[in-house]
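Geometric and topological summary
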Amino acid sequence: MPAERVEELLRALAPQVLGALVRRYGHFDTAEDATQEALLAAATRWPVDGLPDDPRAWLITVASRRLTDLLRAEQARRRREDGVAREAPADRWVAPPADTVPDDADDSLVLLFLCCHPSLPPAGQIALTLRAVAGLSTAEVARAFLVPEATMTRRITRAKQRIRDSGLPFAPPAGPERAARLDAVLHVLYLIFNEGYASTTGERLHRPDLCAEAIRLARMLHRLTDDAEVTGLLALMLLTDARTPARTGPDGVLVPMAEQDRRRWRADRIAEGTRLVGAALPRGTVGPYQLQAAIAALHDEAPDVESTDWPQIMALYEMLLALHDNPVVRLNHAVAVAMARGPRAGLALIDALAADRRVAEDHRRYAARAHLLELAGEPDAAREAYLAAARRSMNLTQQRYLHGRAARLGPLTAG
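Residues numbered from 1 in each chain as written. Predicted model: local features only at pLDDT ≥ 70, side-chain atom pairs only at ≥ 80, totals over all residues. Heavy atoms only, no water.

Some words on the overall build of the protein
A tally of regular secondary structure across the protein gives 18 helices and 0 strands. A burial count over the protein gives 48% of its 415 residues as buried. In the protein, the proportion of contacts linking residues at least 24 apart, taken out of those at least 6 apart, comes to 64%. In the structure as shown, the protein presents an accessible area of about 19,500 Å², 54% of it carried by carbon and sulfur atoms. (Helix = DSSP H or I, 4+ residues; strand = E, 2+ residues; numbered from the N terminus. Buried < 20%, exposed > 50% of the residue type's maximum accessible area, 1.4 Å probe, protein only. Contact = heavy atoms within 4.5 Å. Areas by Shrake-Rupley, 256 points an atom, 1.4 Å probe, with all protein chains shown as cover.)

Section: the packing of aromatic side chains
As enumerated under the stated definition, the model contains 3 aromatic pairs in all. For the pair F193 and Y197, a centre-to-centre distance of 5.9 Å together with 10° between the ring planes defines the contact as stacked. Highlighted residues: F193 and Y197, both in helix α8 (residues 175–197), separated by 4 residues, approximately one helical turn. Each member of the pair F193 and Y197 is classed as buried. The ring centre of Y197 lies 3.8 Å from the NZ or CZ of R247, which sits over that ring. (Phe/Tyr/Trp six-rings, centres within 6.5 Å; stacked < 30°, edge-to-face > 60°. Lys NZ or Arg CZ within 6 Å of the ring centre and 35° of its normal.)

Considerations on the nonpolar core
Counting 94 residues, the largest nonpolar core has L21, F28, L59, L189 and L221 as the members making the most contacts within it. The element contributing the most residues to this core is helix α1 (residues 3–25), with 10 residues. Beyond its immediate chain neighbours, meaning those up to four positions away, L59 contacts L10, L13, V17, A38, L39, A42 and W46. Of all hydrophobic cores here, the second largest spans 23 residues; its members include A334, L347, A390 and Y401. (Core = buried A, V, L, I, M, F, W, Y, C linked by side-chain atoms within 4.5 Å.)

What about the pattern of salt bridges?
Under the criterion given, the structure shown has 19 salt bridges. Of the charged contacts in the structure, one is a salt bridge between R263 and D261, with a shortest N-O distance of 3.0 Å. Overall, the relative accessible area of 75% leaves R263 in the exposed class. One continuous salt-bridge network, built from bridges that share partners, spans E259, E374, R405 and R408. (Salt bridge = Lys/Arg side-chain N within 4 Å of Asp/Glu carboxyl O.)

With respect to helix α2 (residues 28–49)
Taking 1.5 Å as the rise per residue, α2 with 22 residues should run 32 Å; its terminal C-alpha atoms sit 30 Å apart, in good agreement. Restricting attention to buried positions, one finds in α2 the residues F28, D29, T30, A31, E32, A34, T35, A38, L39, A42 and W46. Looking one or two residues past α2, G50 carries a phi angle of roughly 90°, positive in sign. (Expected span 1.5 Å × (residues − 1).)

A few points about the packing of helix α14 (residues 327–341) against helix α15 (residues 343–352)
Their axes nearest at 6 Å, the elements α14 and α15 cross at an angle of 160°. In terms of orientation, α14 lies roughly antiparallel with respect to α15. As for how α14 packs across α15, the hand of that crossing is right-handed. Judged by residue contacts, L331, H333, A334, V337, A338 and R341 of α14 engage P343, A345, G346, L349 and I350 from α15. In terms of residue class, the contact of α14 with α15 is built from 8 nonpolar, 2 polar and 1 charged. (Axes fitted to C-alpha atoms, helices over the stretch in contact; angles between N-to-C directions. Parallel < 35°, antiparallel > 145°, perpendicular 65-115°, else oblique. Left-handed = near helix turned anticlockwise from the far one by under 90°. Nonpolar A, V, L, I, M, F, W, Y, C, P; charged D, E, K, R; others polar.)

Focus: the environment of R11
Structurally, the position occupied by R11 is in helix α1. Distance from R11 to L39, taken between C-alpha atoms, is 8.9 Å for residues 28 residues apart in sequence. With residues near it in sequence (within four places) discarded, R11 still touches A134, G135, L136, R207, D209 and L210.

Re the state of the cysteines
All told, the structure shown has 0 disulfides when counted by the stated rule. The thiol of C116 is unpaired, and the distance to the nearest cysteine sulfur, on C115, comes to 6.5 Å. With relative accessibility at 1%, the residue C116 sits in the buried group. (Disulfide = S-S within 2.5 Å.)

Observations concerning the packing of helix α13 (residues 310–323) against α14
The interhelical angle for the contact between α13 and α14, taken along N-to-C directions, is 155°, at an axis separation of 8 Å. Comparing the axis directions of α13 and α14 gives the class roughly antiparallel. Classified by chirality, the crossing of α14 by α13 is left-handed. Counting all contacts with α13, which are made through W310, P311, I313, M314, Y317, E318, L320 and L321, the residues of α14 involved are V329, R330, N332, H333, A336, V337, M339, A340 and R341. Tallied by class, the residues present in the contact of α13 with α14 amount to 12 nonpolar, 2 polar and 3 charged.

A closer look at the confidence of the model for the protein
Looking at the protein, pLDDT values average 83 and 87% of them are 70 or higher. Confidence, expressed as mean pLDDT per element, reaches its minimum in the protein at helix α3 (residues 55–82) with 72 and its maximum at α15 with 97. Within the model, the stretch residues 83–104 combines pLDDT values under 50 with 40 contacts to residues more than four positions away or in other chains. (pLDDT = per-residue confidence, 0-100.)

What to know about the environment of Q312
Mapped onto the secondary structure, Q312 falls in helix α13. The exposure class of Q312 is partly exposed, given its relative accessible area of 37%. Along the sequence, Q312 and A294 sit 18 residues apart, while their C-alpha atoms lie 9.8 Å from each other.

Some remarks on the side chain of T397
Inspection of the secondary structure puts T397 in helix α18 (residues 396–408). Overall, the relative accessible area of 4% leaves T397 in the buried class. In contact with T397, not counting residues within four places along its chain, are G202, E203, R204, L205, G252 and L254.

What follows is the structure, encoded as structure tokens:
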């Protein structure tokens, strides 16, 4: 089996294996270490030996044995230090035999809520979930938070220690406890999907495994609760993912939405997402995910970019800013203003964001500015902005696209 397909399979199985271990043994941090070692063993052996008959059971068995070793070592250390065995009875540390069929329940959603426990600060909840449930590397999580990798390592370590010390049961929360964790869970799923839809680094623009996992978890959450924001987030994911087939050309080059062949968009996902957001919006207070889903639906329903209802999209972004004012929303609002009122109006808003250090040097601000300068008839300034965006992007597909846009504008005009 090719190594790339093994990697995709392991990413999908990782939260299920970790969830099974935590449910069976507890010890979140040690269970994660054991899971990572089992994943490493699989990544080494499966491309050579082929897939086992039941990959999930194989991983749980290997991880359980490793967890047993780790727990026994920890138990021995404490016995030496304290002179008293303070762990659970020894029979709890016995791993199941290799031929035992493990519980086939998917614990991903329970694991997600565990990581989002209110005893953790919000940043720790999100970081731990991205690491444990989504399988992002610490470096990828750090980039999502715009912090150094060492800072994120410490944050994740502290979160795992608090989970370990809390003695939390591995069980799905209910009632007020579930409601208290829901915002963090939704934010985490949103970040997982975004990393899959537009990868921050590497050669691939799109990571379908992460998008699929985020949508799968959002569907599970939607079945669990009738919360309108859960519905809105699932709709947003479906409406956004619907465009994936048209986002790159045959040569792998990025195709912006304005130039995409909309016949390649996934009609089934657009229909489902539109139905979901239509059901969520009339049900009371409108939240940010419902608003973003409504914006995505307006894009998806338009037959071409000229037919898009830009004034309505601009108004929805203004409603979103009233609820959730951040520089990325302001950047998207600026583009909508440009499309509704002309590029100069949008450029003024984008240039004002240069004072916000959170987005001032973000490649997305430079790329949006380049696009609006091109629309405004300033090819030299647009070319410079495209090249500046390419220098700041860490994704190779995006870099190639931005360099291509700059080259298409030709050499700089002599002043």
